[in-house]
Amino acid sequence: MESYAAALLYAIPFFVGLVLVEVLYGRLVKNQMHNVMDTVSSLSSGLTNVVKDSLGLGIILISYPFLLEHLALVEIKATWLVWVVAFIALDFAGYWNHRLSHHINFFWNQHVIHHSSEEFNLACALRQPISNLLGYYALLLIPAALFGVPNTVIAVLAPIHLFAQFWYHTRHIGKMGWLEYVIVTPSQHRVHHAINREYIDKNLGQIFCVWDRMFGTFQEELDDVPPQYGVLKPAHTWNPIIINFQHLWRLMQDTWRTKSYWDKLRIWFMPTGWRPADVKEKYPVEIIEDVYHFEKYQPSTSWGLKAYSIFQLVFTTFLMLFMFYNYAEIGFDGLLYFGAFVMVGIFGYTALMDRKGYAIWIEVARGVAGLILIYWTNDWFGLDAFWSYGSYLVALYFLATIMFAVYFTYFEKSFVSPDLVS
Ligand SMILES: [Zn+2]
Ligand SMILES: [Zn+2]
């Protein structure tokens with residue numbers, strides 16, 4: 001986990017930098033693909049994912065080293081061939097995991113966050129889950145285990161394989177000639193994120209598109225079918241933590257409410273979106289019928305709230321970079337508290353972005369908790385060792401969090417004029 005935290009120290013600034021390049025490029029060519037609140041929500045989702053993953057929370061049902069020990073038929077040393085075999089095996093596993101996530105109710109919950117943006121841009125690539133709590137992925141790596149691919153090779157390649165899926169989340173790159181036959185391109189992945197009837201659940205490949213062509217899930221981007229982005233049951237929130245558990249919550253409610261015991265059991269393994277007939281009738285859920293005419297989520301906002309959301313995101317990012325930088329020193333218990341502060345913070349400021357009435361309580365509570373912690377420990381998780389006024393700055397941040405929550409809840413709301421709503 002420590003090496004993962006170290007890798008993130010470089011990966012996060014790199015990805016955020018590229019998102020900024022895309023924003024600036026969009027401005028330059030007057031074709032902006034970002035909207036402030038959506039991008040803040042996407043980047044915040046990325047933060048929740050890396051916090052959760054760096055803490056190693058979740059239940060590993062089966063591990064790769066275990067499979068390797070019991071299944072390896074041959075033992076190949078780490079030559080270039082092993083790396084090639086491992087990469088192809090990872091991509092094959094990725095394809096089937098992705099297909100599983102799209103087609104089975106229970107698994108869709110861990111992937112819906114990635115599709116929840118109604119935009120399509122580099123930031124949306126960073127919408128990654130925190131609800132993937134069951135570690136079954138190794139099962140899909142049985143081919144790699146049979147070939148005796150060492151665990152270290154998988155451990156090195158897995159993040160590279162994930163990071164290599166970032167670049168194609170853009171609308172600024174058109175079709176790419178012969179490459180369209182080999183790898184997943186921006187054009188193909190636009191199709192994947194689209195909810196048009198022609199496109200839905202297509203192009204599930206991650207790096208190579210050959211799997212889609214082999215297993216019948218390939219769909220080219222068509223000139224007369226412009227992709228429309230999002231999910232058929234809109235998330236209606238900027239809060240990434242809520243989005244991560246919305247589908248699960250609906251499944252739990254349906255399981256509780258349906259009269260049929262058979263339906264209570266099978267709903268979890270039925271195709272995504274399947275609901276028992278009785279609850280479907282009694283508790284209808286909004287589903288987008290006309291993908292070309294639906295209202296994107298856009299609660300009333302102001303320039304002030306947009307600027308404040310960016311401030312919260314930037315400060316939270318820096319807090320988290322410090323968490324990864326000082327990872328070993330903070331210790332596991334400290335990391336859990338630190339992680340909780342980051343998570344509750346993201347929950348709080350995105351709830352404020354949603355204009356939720358309860359946001360004020362979360363923001364005031366975490367602000368006070370932060371101030372008490374700094375007062376008690378006379379530090380912020382060892383920050384003062386690097387920068388003597390560090391904990392004062394964090395205290396100031398918590399104070400600002402309380403004050404602005406009050407401001408945006410009780411004062412600014414009345415200033416929102418229709419022309420500021422965008
Ligand atoms: Zn997907
Ligand atoms: Zn994607």
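Here is what the cut-offs are and how they apply
Residues numbered from 1 in each chain as written. Chains lettered and ligands numbered in written order. Predicted model: local features only at pLDDT ≥ 70, side-chain atom pairs only at ≥ 80, totals over all residues. Heavy atoms only, no water. 1 Å grid on protein atoms, 1.4 Å probe; cavity = no way out; pocket = protein on both sides within 12 Å on 5 of 7 lines; lining within 4 Å. Points joined across faces, edges and corners; volume = space filled by probe spheres on them. Helix = DSSP H or I, 4+ residues; strand = E, 2+ residues; numbered from the N terminus. Nonpolar A, V, L, I, M, F, W, Y, C, P; charged D, E, K, R; others polar. Donors = N, O, S within 2.8 Å, 3.2 Å for Na, K, Ca; no water. Buried < 20%, exposed > 50% of the residue type's maximum accessible area, 1.4 Å probe, protein only. Core = buried A, V, L, I, M, F, W, Y, C linked by side-chain atoms within 4.5 Å. Contact = heavy atoms within 4.5 Å. Salt bridge = Lys/Arg side-chain N within 4 Å of Asp/Glu carboxyl O. Axes fitted to C-alpha atoms, helices over the stretch in contact; angles between N-to-C directions. Parallel < 35°, antiparallel > 145°, perpendicular 65-115°, else oblique. Left-handed = near helix turned anticlockwise from the far one by under 90°. Phe/Tyr/Trp six-rings, centres within 6.5 Å; stacked < 30°, edge-to-face > 60°. Lys NZ or Arg CZ within 6 Å of the ring centre and 35° of its normal. Disulfide = S-S within 2.5 Å.

### Things to note about the layout of surface pockets
Then, number 1: Counted as a void, the second largest pocket has a volume near 420 Å³.
Then, number 2: In this structure, the second largest pocket is lined by 20 residues; those nearest its centre are Trp 108, Ile 200, Leu 232, Lys 233 and Thr 272.
Then, number 3: Of all the secondary structure elements, the ones that give two or more residues to the lining of the second largest pocket are helix 6 (112–115), helix 10 (186–193) and helix 12 (240–257).
Then, number 4: Along the lines of polarity and charge, the residues of the lining of the second largest pocket split into 8 nonpolar, 9 polar and 3 charged.

### Structural notes on the coordination of the zinc ion (ligand 2)
Then, number 1: For the zinc ion (ligand 2), the full set of protein donor atoms is His 114 (NE2), His 169 (NE2), His 189 (NE2) and His 193 (NE2), and the range of their distances to it is 2.0 to 2.1 Å.
Then, number 2: Site description for the zinc ion (ligand 2): donor spacing in sequence, H-x54-H-x19-H-x3-H.
Then, number 3: Between the zinc ion (ligand 2) and the zinc ion (ligand 1), a spacing of 5.9 Å is present. Of this pair, His 114 sits in helix 6 while His 193 sits in helix 10, and the two are 79 residues apart along the sequence. The burial state of His 114 is the same as that of His 193; both residues are buried.

### Digging into the nonpolar core
Then, number 1: One finds Met 320, Phe 324, Phe 338 and Trp 380 to be the most contacted residues of the largest nonpolar core, which totals 54 residues.
Then, number 2: At the level of elements, helix 1 (2–28), helix 2 (36–54), helix 7 (122–125), helix 15 (303–325), helix 16 (327–353), helix 17 (359–377) and helix 18 (390–411) are the ones that each hand at least two residues to this core.
Then, number 3: In terms of residues, this core owes the most to one element, helix 16, which gives 12 residues.
Then, number 4: Residue contacts for Trp 380: discarding those within four places in its chain leaves Leu 319, Phe 322, Phe 338, Phe 341, Leu 373, Ile 374, Ser 391, Val 394 and Phe 398.

### Here's the deal with the coordination of the zinc ion (ligand 1)
Then, number 1: Coordination of the zinc ion (ligand 1) by the protein involves His 98 (NE2), His 102 (NE2), His 111 (NE2), His 115 (NE2) and His 192 (NE2), with metal-donor separations of 2.1 Å.
Then, number 2: Written as a sequence motif, the donor arrangement for the zinc ion (ligand 1) is H-x3-H-x8-H-x3-H-x76-H.
Then, number 3: Take His 192: its relative accessible area is 1%, and that puts it in the buried class.

### Remarks on the pattern of salt bridges
A pair can form between side chains of opposite charge whenever their charged atoms are brought close.
Then, number 1: Counting across every chain of the model gives 10 salt bridges.
Then, number 2: Residue Lys 52 is joined to Asp 53 by a salt bridge in which the shortest nitrogen-to-oxygen separation is 3.5 Å.
Then, number 3: Owing to a relative accessible area of 7%, Lys 52 belongs among the buried residues under this scheme.
Then, number 4: A salt bridge links Glu 363 to Arg 366, with the shortest nitrogen-to-oxygen separation between them at 2.8 Å. Remark: Arg 366 and Glu 363 occur in helix 17; sequence separation between them is 3 residues, near one turn of the helix.

### Description of the packing of helix 2 against helix 15
Then, number 1: Viewed as axis vectors pointing N to C, helix 2 and helix 15 meet at an angle of 20 degrees, and their least axial separation amounts to 10 Å. Taken together, the axes of helix 2 and helix 15 are roughly parallel relative to one another. Like other packed secondary-structure pairs, helix 2 and helix 15 cross with a definite hand, here left-handed. For the pair helix 2 and helix 15, the contacting residues are Val 36, Met 37, Val 40, Leu 43, Ser 44, Leu 47, Val 50, Val 51 and Ser 54 in the first and Leu 305, Lys 306, Ser 309, Ile 310, Leu 313, Thr 316, Thr 317, Met 320, Met 323 and Phe 324 in the second.
Then, number 2: Along the lines of polarity and charge, the residues of the contact of helix 2 with helix 15 split into 13 nonpolar, 5 polar and 1 charged.

### Concerning the packing of aromatic side chains
Then, number 1: Overall, the coordinates contain 35 aromatic pairs when judged by the stated rule.
Then, number 2: Ring geometry for Phe 15 against Phe 166: centres 4.5 Å apart, planes inclined by 45 degrees, an arrangement best described as tilted. A residue pair is termed long-range when its members are at least 10 positions apart, and Phe 15 in helix 1 and Phe 166 in the loop between helix 9 (151–163) and helix 10 qualify at 151 residues.
Then, number 3: The exposure class of Phe 166 is buried, given its relative accessible area of 6%.
Then, number 4: A cation sits over an aromatic face here: Arg 257 above Tyr 283, 3.8 Å from the ring centre.
Then, number 5: The ring of Trp 303 has Lys 306 lying over it, and the distance from NZ or CZ to the ring centre is 4.2 Å.

### A short note on the packing of helix 12 against helix 16
Then, number 1: Where helix 12 contacts helix 16, the two axes come as close as 8 Å, and the packing angle between them is 95 degrees. As summarised for this structure, helix 12 and helix 16 are arranged roughly perpendicular, according to the angle between their axes. Between helix 12, through Pro 240, Ile 241 and Ile 242, and helix 16, the contact on the second element is made entirely by Met 343, Ile 346, Phe 347 and Thr 350.
Then, number 2: When the residues that make up the contact of helix 12 with helix 16 are grouped by side-chain class, the tally is 6 nonpolar, 1 polar and no charged.

### As for empty space enclosed by the protein
Then, number 1: One pass over the full model with this rule turns up 3 cavities of 30 Å³ or more.
Then, number 2: In this model, the largest cavity occupies a volume close to 110 Å³.
Then, number 3: Of the residues that constitute the lining of the largest cavity, the class distribution is 3 nonpolar, 6 polar and 5 charged.

### Re the state of the cysteines
Then, number 1: All chains considered together, the criterion is met by 0 disulfides.
Then, number 2: Here Cys 124 stays free of any disulfide, with the sulfur of Cys 209 as its closest cysteine sulfur at 19 Å.
Then, number 3: Cys 124 sits in the buried class, given a relative accessible area of 1%.

### Observations regarding the side chain of Gln 219
Then, number 1: One can find Gln 219 in the loop between helix 11 (210–215) and helix 12.
Then, number 2: In this structure Gln 219 touches Val 191, Glu 198, Tyr 199, Lys 202 and Asn 203, once residues within four positions along its chain are discounted.

### Focus on the environment of Thr 255
Then, number 1: Inspection of the secondary structure assignment puts Thr 255 in helix 12.
Then, number 2: For the pair formed by Thr 255 and Pro 276, sequence separation is 21 residues and the distance between their alpha carbons is 8.5 Å.
Then, number 3: Among residues more than four places away in sequence, those in contact with Thr 255 are Lys 264, Ile 267 and Trp 268.

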